[in-house]
Structures are given as C-alpha cells and as structure tokens.
Amino acid sequence: MLSKVITSAIIAASFLVTTASASENKPLTVGMTTWVGYGLLHLADQKGFFKKNDVEVSLVTVQDKPSTSAAIATGRLDGWSTTVDTFIFYNAQKLGIKQVLAVDFSKGGEGIVATNEVKSVQDLKGKTLGAEEGSSTYFFLLNLLADNQMTTKDVKLQSMRAGDAGAAFAAGRLDAAATWDPWLSKAKERGGHILASSADKPGLIVDTVAFRTDVIEKRPDDIKNFIKAYFQAYDYWKSSPDEANAIMAKALGVKDEEFKSSLAGLEFVSREANEKYIGSGTSLGEIKNVTQRGVGFYTKAGLLKEALDAGKVVDAKPLAAALGK
C-alpha cells in the first residue's frame, strides 16, 4: 500500500472548509485515503470532468478511518470512498450512508503469505498468523477461512496492523500473515509464498463511494453527475493511459513508476462492471451478497455490535440515472 501519512492540521483545515461550504450547498465533499484505486476520482477533478458535468467536488484526504466516520456522522463530509468491508465495520446503516459507485476491484493487492510448509488453507490450522481486525486483509482472511470451513479460532491469531504483519512474517516471527504489497511480493525472500490473494476472489475487496442518505435525497443531480464524471475519467484513462497515469500519480503525490506498479493489483470499474456489482435501479447487484456475508462474519467475531441490513447500505438508483436507465 502507498504511504498514508497526513498532518492533523491538514485534516482540520479540510473539515473546516467542508463545514463552511456545506450550508451553502456547494461542493460535494468526499473523504478518502491516499490510494491508487481512487485515482480516477482525482483524474476527474484534475481534468475538470466534475465541473463539465455541473457538479462541484472537493476531494478531502483523511488517512484515519475513525476520523472519517466521525466526519460523516456529524455532516462534515458528504461522502466517503473506502472498501465495502470498511462500510460494514463502521456500520454504514447507522452512519446513514449508502454506496452508489464502485471505483476499483482488488486483483492481488491483498492476500495471505505463508511459509512453504503451509501448502493449503487447511494447513493454517494451529499456525501463528498476523492480521489486523477490521481491515480489508482481515475481511479477505475471514472469507478464505469460511470457504474452507474454518474460523479464526483454528489459527493462533496475533492482532497487528497489516503492514506490521507482513514485516513480522518477513522477519520470521509468524507462520503466515494477512497483508498487502510490498509484503506479498517479498514472501519469497523469507522462503515463503503467497497462499492466496484477492486475485483469486474478484469482487470481494472493492472500493466504493458512498454518500449520506440526506445528500442523495436532496442533491440527486449532483450525485448522478458525480458518477458520470467518474465514467468520463474512466474513458479518458482507457484512451490515454500514459497521460492519465501521470496526472493521477502527481495528484496522489507518488512517483509514476510506483503508481503504475500499484495498478497491477487492481482494476478500475467500468460501467458494465458497476451495474453488475452495484445493481440497476431498485435491483441490487453482487455487493449485497458480499455485504450479507461480511455482516455475518463481523457479527460472529464481535466486531459489529448492531444490526446492519445489507439492502439498506447500497443505492443503485443514482448509477442507473447516470447510465441513462
């Protein structure tokens, strides 16, 4: 994953701007971390696609998820771009937000590294495994274990950040780790291998954009136009990838080579894939099943304390409107 460092002063300043403009009904303020998967949103901003679609948008970088959740709850942010599992963990229904657009699918960006003696998921039984509860890598782990009729009780789970888990595995302190790049790529250096990655389970780890329900209701045209601008950015990227990649890398503050390398682990989401994943109109797509399963996992693990209805944290109508359906 890319570096996720931002000063508190920048966060505070961003929120102040958000608070001031909210009452004026000006920009749609969307919080997100520094992540390549949000590149097309930055491209839409830098190329003026939001403005061309008659919507003012302010992309606010907030690396701390609890702070973003609090900003949504208090109305300081209109939207949040993060992973589907994060919306489960922070209970999107309680926050009053609904996902309207998928922006990237993880295709190898997250996974499980293990020693060579761990040849299958079943071999993880009794092994020491590092993972970060509530993270996308943890969500991937829960799904992988469930597919093999296992739970975290079958392993010796050590709670640590995903990056720290990768580093601990590389240092020989763990038998396995739920982590992301660059630690996945470094597995062989430890004499290990990638046991499984998100490339094996497409559609599981997905970044989406959600907006507060009141914003969706009061500003339907703005939400529709936000989505249209994303697809315009997608088209531009497809037609001019080198130029688009350079613009996105600069916007994210990373080197061109680092940006291009990170792209290998994800897939920007097209119109067709969005309709399949988010849904069309009143009919929800694959995201509903992914969410329902995740709710079950997180409830059983004690990470989700209150009820969450998978059908109430997604709204496919803005997507349908943006696609002219």
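Rules of the game
- Residues numbered from 1 in each chain as written.
- Predicted model: local features only at pLDDT ≥ 70, side-chain atom pairs only at ≥ 80, totals over all residues.
- Heavy atoms only, no water.
- Phe/Tyr/Trp six-rings, centres within 6.5 Å; stacked < 30°, edge-to-face > 60°.
- Buried < 20%, exposed > 50% of the residue type's maximum accessible area, 1.4 Å probe, protein only.
- Lys NZ or Arg CZ within 6 Å of the ring centre and 35° of its normal.
- Pairing = 2+ DSSP bridges.
- Helix = DSSP H or I, 4+ residues; strand = E, 2+ residues; numbered from the N terminus.
- Axes fitted to C-alpha atoms, helices over the stretch in contact; angles between N-to-C directions.
- Contact = heavy atoms within 4.5 Å.
- Domains from an automatic or database assignment.
- Buried area = accessible area lost by both parts, 1.4 Å probe.
- Salt bridge = Lys/Arg side-chain N within 4 Å of Asp/Glu carboxyl O.
- Nonpolar A, V, L, I, M, F, W, Y, C, P; charged D, E, K, R; others polar.
- Expected span 1.5 Å × (residues − 1).
- Arc of directions from axis to C-beta.
- Core = buried A, V, L, I, M, F, W, Y, C linked by side-chain atoms within 4.5 Å.
- Parallel < 35°, antiparallel > 145°, perpendicular 65-115°, else oblique.

Notes on the packing of aromatic side chains
Applying the stated criterion across every chain, the model contains 13 aromatic pairs. Summarising the aromatic geometry, the rings of Phe-89 and Tyr-90 are spaced 5.1 Å apart at their centres and angled 80 degrees between planes, so their arrangement reads as edge-to-face. Using a relative accessible area of 21% as the deciding quantity, one classes Tyr-90 as partly exposed. With centroids separated by 5.2 Å and ring planes inclined at 70 degrees, the aromatic side chains of Tyr-230 and Phe-231 adopt a geometry described as edge-to-face. A single burial state applies to Tyr-230 and to Phe-231, both of which are buried. Taken together, the ring pairs in this structure connect Trp-80, Phe-87, Phe-89, Tyr-90, Tyr-138, Phe-139 and Tyr-298 into an aromatic cluster. The ring of Phe-169 has Arg-190 sitting right over it, with the charged end atom 4.6 Å from the ring centre.

Regarding the sheet that holds strand β1 (residues 28-32)
Strand order in this open sheet of six strands is β2-β1-β3-β10-β4-β11, and the pairing throughout is mixed. Every interior strand has two partners, whereas the edge strands, β2 (57-61) and β11 (266-268), have only one. This sheet shows a mean twist of 30 degrees between the axes of neighbouring strands, independent of strand direction. Alignment of strand β4 (residues 97-106) against β11, held across three bridges, turns out to be antiparallel. Paired with Ser-106 across the strands is Leu-266, a residue of β11. Packed onto the sheet, helix α2 (residues 39-46) meets β1, β2, β3 (79-83), β4, β10 (206-212) and β11 and runs at close to 135 degrees relative to β2.

Topic: the domain arrangement of the chain
Here the chain is described as being made up of domain 1 (28-105 + 205-323) and domain 2 (110-200). Placing a centre on the C-alpha atoms of domain 1 and another on those of domain 2 gives a separation of 27 Å. The partner domain 2 presents 14 residues to the 13 residues of domain 1 that form the contact. The junction of domain 1 with domain 2 conceals about 1100 Å² of combined surface from both sides, 68% of it contributed by carbon and sulfur atoms. Ranking the residues of domain 1 by area buried against domain 2 places Ile-205, Arg-293 and Phe-297 at the top, with a combined share of 46%. Taken together, the connections running from domain 1 to domain 2 amount to one salt bridge. Note that Asp-147 and Arg-293 form a salt bridge whose closest N and O atoms lie 2.7 Å from each other. Element by element, the count of residues in the side of domain 1 that touches domain 2 is highest for helix α14 (residues 286-300), at six residues. Considering only residue class, the side of domain 1 that touches domain 2 consists of eight nonpolar, two polar and three charged.

Some details on α14
Compared with the 21 Å implied by 1.5 Å per residue over 15 residues, the 22 Å span of α14 between its first and last C-alpha is a close match. Those residues of α14 that sit buried are Ile-287, Val-290, Thr-291, Gly-294, Val-295, Phe-297 and Tyr-298. All buried residues of α14 project into a common sector of 170 degrees when viewed along the axis, lining one side. When the buried face of α14 is taken as reference, the exposed residues oriented beyond 90 degrees from it are Asn-289 and Lys-300. Next to the buried residues of α14 lie α5 (84-89), β4, α7 (136-147), β10 and α13 (271-277).

Comments concerning the pattern of salt bridges
Counted under the stated rule, the structure contains 14 salt bridges. Linking Asp-78 and Arg-212 is a salt bridge whose minimum nitrogen-to-oxygen distance equals 3.2 Å. Separated by 134 residues along the polypeptide, Asp-78 in the loop between α4 (65-73) and β3 and Arg-212 in strand β10 bring together distant segments of the chain. We note that Asp-78, like Arg-212, is buried.

Quick notes on the nonpolar core
Among the nonpolar cores identified, the biggest contains 96 residues, and Leu-124, Phe-226 and Tyr-230 are the most heavily contacted of them. The element best represented in this core is helix α10 (residues 220-239), accounting for ten residues. Those residues in contact with Tyr-230 that sit more than four places away from it in its chain are Leu-40, Leu-41, Leu-101, Ala-102, Val-103, Phe-268, Val-269 and Asn-274.

Side note on the packing of α2 against α10
At a minimum axis separation of 8 Å, α2 and α10 run at an interaxial angle of 95 degrees. What the angle tells us is that α2 and α10 run roughly perpendicular. Residues Leu-40, Leu-41, Leu-43 and Ala-44 of α2 touch α10, and the partners they reach there are Phe-226, Ala-229, Tyr-230, Ala-233, Tyr-234, Tyr-236 and Trp-237. In the contact of α2 with α10, the residues fall into eleven nonpolar, no polar and no charged.

Brief notes about the sheet that holds strand β6 (residues 128-131)
Backbone-to-backbone hydrogen bonds join strands into a sheet, with any given pair of strands oriented parallel or antiparallel. One open sheet holds the five strands; their spatial order is β7-β6-β8-β5-β9, and the pairing between them is mixed. What marks the edges here is a single partner per strand, and that holds for β7 (156-159) and β9 (192-197). Between one strand and the next, the sheet's axes are offset by a mean angle of 30 degrees, whatever the strand orientation. Where helix α8 (residues 162-170) meets the sheet, it contacts β5 (110-115), β6, β8 (176-180) and β9, and its direction lies at approximately 130 degrees from that of β8.

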